[in-house]
Amino acid sequence: MTSGDFRRVAASVSFPALEEEVLALWDRVDAFAMSVEMRPPDSEYTFYDGPPFASGSPHYGHILAGVIKDIVPRYWTMRGHRIERRFGWDTHGLPVEMEVEKELGVSGPKAIEAYGVARFNEACRAKVERTTEDWERIMRRLGRWVDFENDYKTMDPDFMESEWWVFSQLWDKGLIYRDFKVVPYSWGAATPLSNFEANMDYRDVDDPAITVRLRALEGHGPVREGDYFLIWTTTPWTLPGNLAIAVGEEIEYVAAKVDDHRYWIAEALVGGFWTDGPEVVARAPGAQLIGARYEPPFAYFEKERGRGAFRVIGSAEVTMDEGTGLVHMAPAYGEVDFYALQAAGLDVLVDPVDAEARFTDEVADVAGMHVKDADPILIDLLKRRGLLVRREQIRHSYPFCPRTGTPLIYKAIPTWFVAVEQLRDRMVELNERIHWVPEYVGTRRFGNWLENARDWAISRNRYWGNTIPVWLCDTCDEQVCVGSVDDLEQRSGVRLADLHKHIVDEVTFPCPSCEGTMLRTPEVLDTWFDSGSMPYAQIHYPFENRERFQRRFPADFIAEGLDQTRGWFYTLLILGTALSDQEPFQNCVVNGMILAEDGRKMSKSLKNYPDPTAVLDEFGADALRAYLINSPVLRAEPLIFSENGVREVVRTVMLPLWNSFSFFTTYAEADGISRADLDVAPAAHERPEIDRWILSMLQSLISEVNLLMEGYYLYSVVPPMIGFIDHLTNWYIRRS
């Protein structure tokens, strides 16, 4: 027998140390680059890497995403495909701005503008350029093959120019408009948000719920002078902006006599308001109350009465779910209120709240106070004037800013929109062509969201972001959308190498319609517009790579967390539908959230989860990867992370498999078995039955895993592998 080729390996093993040897080998031979280059360009498989924010260090959510984004491309690489994996960085927006504000000791738009927008933006640029080291180290240690050297950043000039092109395509299709609407507003960031951002972070909060009586000024149909209209609100701070009371035209209302006063309330809600059954002295449908005039809760804007304010109007949105059936209308702070006044023909609006949610001098009693801090003072003023009927506390679900953690308000503000509602039906159709894993995420969660999609508010009143490429005339109504650096140069004579606000805002050009000057609209783009544009912008399409883009679109595969059904998945589909009438990705793997062992969200401040580096150093990347993949999180369900779970993977899966290898090498070395001996081993049909059985089990495993991987069912891949290891170790080896 020839000398053996197999060295005995010890049964004791350090998997982390072995992994370090493999990583060093990959580095020496440049294995990742080689795996790409050795496959032809025409076999390209396209994977879009959704860009994480370039701030902080990666947490377990990022590690999970990295594992999924490594497993799938590796598999299709082994099937013969060329797969470039460029890492992407989301470099704009509030997370970066907030960190820089803390570092600089400034807070809010006024302070930033006093500091200097140019200096502030350059500080943001410097910040994101310092954050890549931890990511590269941990992703390398995780064993993820991804190209950091040829990464893309949303702040790169080429990326930003492609976004301008995307915007200009929407503009040319009539899908961009500017309007004065009530939108979700983050006072913590002093900017409007999109409706899907406003749905990302709901929390249970306690708020005052007050019932206020407003006196009728004169008789009107069934209403007598001196009657009171009962209104109910959980936002007392909006009462200074009250301009109307809304009723349902077909809802029955009654005047209930209590303590010699007549109170108008919906008949169906009387029993819930007064338990002793007050005397009903008048009854009328809401339609007969419309037009009645009343004294507002506060007289700060009494002058608006001449424009139609402070009267009862009709609204189809009035419900009997809570309150009194008469709805306080403050059109500057409620979308329903805003449209109800428009429908009633009342062109009147007051907004005594500034960009940081503080009252202006128009509301003298609480001027300079934050709106929520003003609640108790306003309630006390109502009480002193005899208008407060009832005060309670209510616990309800309320939206918070996902970036600042501050409660949102709704505020009327000029905003740029993408007309998503025009695309909605087609988006629903295209979504049906996408293969979602798990399937219910696409058909139910995402599908239901699409059916109710609203126009997308894409402008932000911030600083560090891509600029909205629209110039407005300072004299007439002319608007010009600029779609490229060349386009801007032709109009202005200025060629830019940077498209950030502090650079672009300096560029003006003559109005094509009058003698005025074109000035850029001051807002920046929503960062979700950045990430939604990445299929085009990461390769500077259409200014370069036209043919390559056609090969690469739509993507074969993407993967992100469940929250992206209202984020990246959504914006990709909006832009894919609008620009090419095509779904932007064909297969999507969606994961759930990883929670700390105490069941709460992982928090650096609470230190309620183990350091990922320590886990990798103790158990190794393979154990962590297998633990994550073989868990509910790949079914878009929550996973309560446990170090013991990773330890169990080592004990029950990896060590038995390693011991099998050690067993083989021990006897292969003793018997001097060589690779040549294996080449001339008997054919399968000539071997003992137990050999044929384990080979059959292996082929079944290969077939099953291929089927599952082709369907992107990663959550089902590990169990058959564990089953095979059990067959190998507990049956084949022991019986041989």
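Conventions we followed
- Residues numbered from 1 in each chain as written.
- Predicted model: local features only at pLDDT ≥ 70, side-chain atom pairs only at ≥ 80, totals over all residues.
- Heavy atoms only, no water.
- Helix = DSSP H or I, 4+ residues; strand = E, 2+ residues; numbered from the N terminus.
- Buried < 20%, exposed > 50% of the residue type's maximum accessible area, 1.4 Å probe, protein only.
- Contact = heavy atoms within 4.5 Å.
- Areas by Shrake-Rupley, 256 points an atom, 1.4 Å probe, with all protein chains shown as cover.
- Lys, Arg positive; Asp, Glu negative; His and termini not counted.
- Charge placed at Lys NZ, Arg CZ, Asp CG, Glu CD.
- Polar contact = N/O pair within 3.5 Å; in protein donor to acceptor, adjacent residues only side chain to side chain.
- Arc of directions from axis to C-beta.
- Pairing = 2+ DSSP bridges.
- Axes fitted to C-alpha atoms, helices over the stretch in contact; angles between N-to-C directions.
- Salt bridge = Lys/Arg side-chain N within 4 Å of Asp/Glu carboxyl O.
- Patch = residues over 30% accessible without salt bridge, like charges linked within 9 Å, V, L, I, M, F, W, Y side chains within 5 Å.
- Core = buried A, V, L, I, M, F, W, Y, C linked by side-chain atoms within 4.5 Å.
- Phe/Tyr/Trp six-rings, centres within 6.5 Å; stacked < 30°, edge-to-face > 60°.
- Lys NZ or Arg CZ within 6 Å of the ring centre and 35° of its normal.

## Digging into the overall build of the protein
Then step 1. Helix and strand counts for the protein stand at 26 helices and 26 strands.
Then step 2. Its C-alpha atoms give the protein principal-axis dimensions of about 115 × 70 × 45 Å.
Then step 3. Across the 736 residues of the protein, 55% fall into the buried class.
Then step 4. Pairs at least 24 apart in sequence give 77% of the contacts found in the protein among residues at least 6 apart.
Then step 5. Surface summary for the protein: the accessible area is close to 32400 Å², and the carbon and sulfur share equals 49%.
Then step 6. Of the charged side chains in the protein, 76 are positive and 113 negative, and the gap between their average positions amounts to 3 Å.

## Examining the side chain of Lys 501
Then step 1. Topologically, Lys 501 is positioned in helix H16 (residues 501-504).
Then step 2. What makes Lys 501 buried here is its relative accessible area of 9%.
Then step 3. Within polar-contact distance, the side chain of Lys 501 engages the backbone oxygen of Pro 522 at 2.8 Å.
Then step 4. In contact with Lys 501, other than residues within four places in its own chain, are Val 117, Asn 121, Arg 462, Tyr 463, Gly 465, Thr 467, Arg 520, Pro 522 and Val 524.

## Let's talk about the environment of Phe 180
Then step 1. Checked against the element boundaries, Phe 180 lands in strand E3 (residues 176-186).
Then step 2. Residue Phe 180 is classed as partly exposed on the basis of its relative accessible area, which comes to 35%.
Then step 3. Once the C-alpha coordinates of Phe 180 and Arg 74 are considered, the two residues, 106 residues apart in sequence, prove to be 49 Å apart.
Then step 4. In this structure, Phe 180 is in contact with Phe 338, Leu 349, Ala 412, Ile 413 and Pro 414, ignoring residues within four places of it in sequence.

## A few points about the side chain of Thr 233
Then step 1. As for its position among the elements, Thr 233 is in strand E6 (residues 228-233).
Then step 2. Relative accessible area serves as the criterion here: at 6%, Thr 233 is assigned to the buried category.
Then step 3. Separated by 3.0 Å, the side chain of Thr 233 and the backbone nitrogen of Thr 235 make a polar contact.
Then step 4. Discounting chain neighbours no more than four positions away, the residues touching Thr 233 are Pro 208, Ala 209, Ile 210, Thr 238, Leu 239 and His 328.

## Overview of helix H21 (residues 612-619)
Then step 1. Along H21, the residues that are buried comprise Pro 612, Val 615, Leu 616 and Phe 619. Down the axis of H21, the sector holding all buried residues measures 100 degrees, keeping them to one side.
Then step 2. The backbone nitrogen of Thr 613 lies 3.1 Å from a side-chain oxygen of the residue at the head of H21, namely Asp 611.
Then step 3. Within two residues after H21, Gly 620 carries a phi angle of roughly 95 degrees, on the positive side.

## Focus on the sheet that holds strand E15 (residues 435-437)
Two orientations exist for strands paired in a sheet by backbone hydrogen bonds: parallel and antiparallel.
Then step 1. Ordered by their spatial adjacency, 3 strands build an open sheet running E15-E24-E23, and the pairing between neighbours is parallel. This sheet does not close on itself; its edge strands, each paired only once, are E15 and strand E23 (558-561). Ignoring strand direction, the axes of neighbouring strands in this sheet form an average angle of 20 degrees.
Then step 2. Across 4 bridges, E23 lies against strand E24 (residues 587-591) in parallel orientation. Paired with Glu 560 across the bridge in E24 is Val 590.

## Here we look at the pattern of salt bridges
Then step 1. Under the counting rule described, the total for this entry stands at 52 salt bridges.
Then step 2. Between Glu 84 and Arg 548 there is a salt bridge, with the nearest N and O atoms lying 2.8 Å from each other. One end of the pair, Glu 84, is in the loop between helix H3 (60-78) and strand E1 (86-89); the other, Arg 548, is in helix H19 (residues 546-552), and 464 residues separate them in sequence.
Then step 3. One network of salt bridges, with partners in common, ties together Glu 37, Glu 44, Arg 82, Glu 84, Arg 548, Arg 551 and Arg 552.

## Observations concerning the sheet that holds strand E20 (residues 509-510)
Then step 1. Reading across the sheet, the 4 strands line up as E19-E18-E21-E20 and stay open at both edges, with antiparallel pairing between neighbours. Looking at which strands have only one partner, the edges of the open sheet turn out to be strand E19 (479-481) and E20.
Then step 2. Judged from the 3 bridges that link them, strand E18 (residues 470-473) and E19 form a sheet pairing that is antiparallel. The residue of E19 that forms the bridge with Trp 471 is Val 480.
Then step 3. Along the sheet, helix H8 (residues 157-172) contacts E18 and E19; its crossing angle with E19, the most-contacted strand, is approximately 130 degrees.

## Quick look at a negative patch on the surface
Then step 1. There is a patch of like negative charges on the surface, built from Asp 30, Glu 133, Glu 136 and Glu 149.
Then step 2. If you trace the backbone, Glu 133 turns up in helix H7 (residues 132-142).

## Observations regarding the nonpolar core
Then step 1. Counting 71 residues, the largest nonpolar core has Phe 229, Tyr 253, Trp 264, Trp 274 and Phe 359 as its most contacted members.
Then step 2. Val 9, Val 589, Tyr 715 and Val 717 belong to the second largest nonpolar core, which has 60 residues in total.

## Focus on a nonpolar patch on the surface
Then step 1. Together, Leu 25, Val 29, Met 34 and Met 38 make up a nonpolar patch on the protein surface, roughly 380 Å² of accessible area in all.
Then step 2. Position of Met 38 relative to the elements: it lies in the loop between helix H2 (31-37) and H3.

## Quick word on the packing of aromatic side chains
Then step 1. Under the definition given, this model contains 50 aromatic pairs.
Then step 2. With a centroid separation of 5.9 Å and 35 degrees between ring planes, the pair formed by Tyr 536 and Phe 553 is classed as tilted. Pair noted here: Tyr 536 is in helix H18 (residues 534-537) and Phe 553 is in the loop between H19 and E23, with a separation of 17 residues, a long-range link. Residues Tyr 536 and Phe 553 agree in their burial class; the two are buried.
Then step 3. The ring centre of Phe 417 lies 4.4 Å from the NZ or CZ of Lys 181, which sits over that ring.
Then step 4. Here Arg 213 stacks its cationic end above the ring of Tyr 228, 4.2 Å away from the centre of that ring.

## Brief notes about the pairing of E3
Then step 1. Bridge analysis of E3 against strand E14 (residues 409-418) gives 10 bridges, and the strand direction is antiparallel. When the bridges of E14 are listed, Asp 179 appears paired with Thr 415.
Then step 2. As defined by bridge partners, E3 adjoins strand E4 (residues 191-192) across 2 bridges and the pair is classed as antiparallel. Bridging from a neighbouring strand, Ser 186 pairs with Thr 191 of E4.
Then step 3. Between the antiparallel neighbours E3 and E4 lie 4 residues, among them Ala 190 with a positive phi of about 55 degrees.

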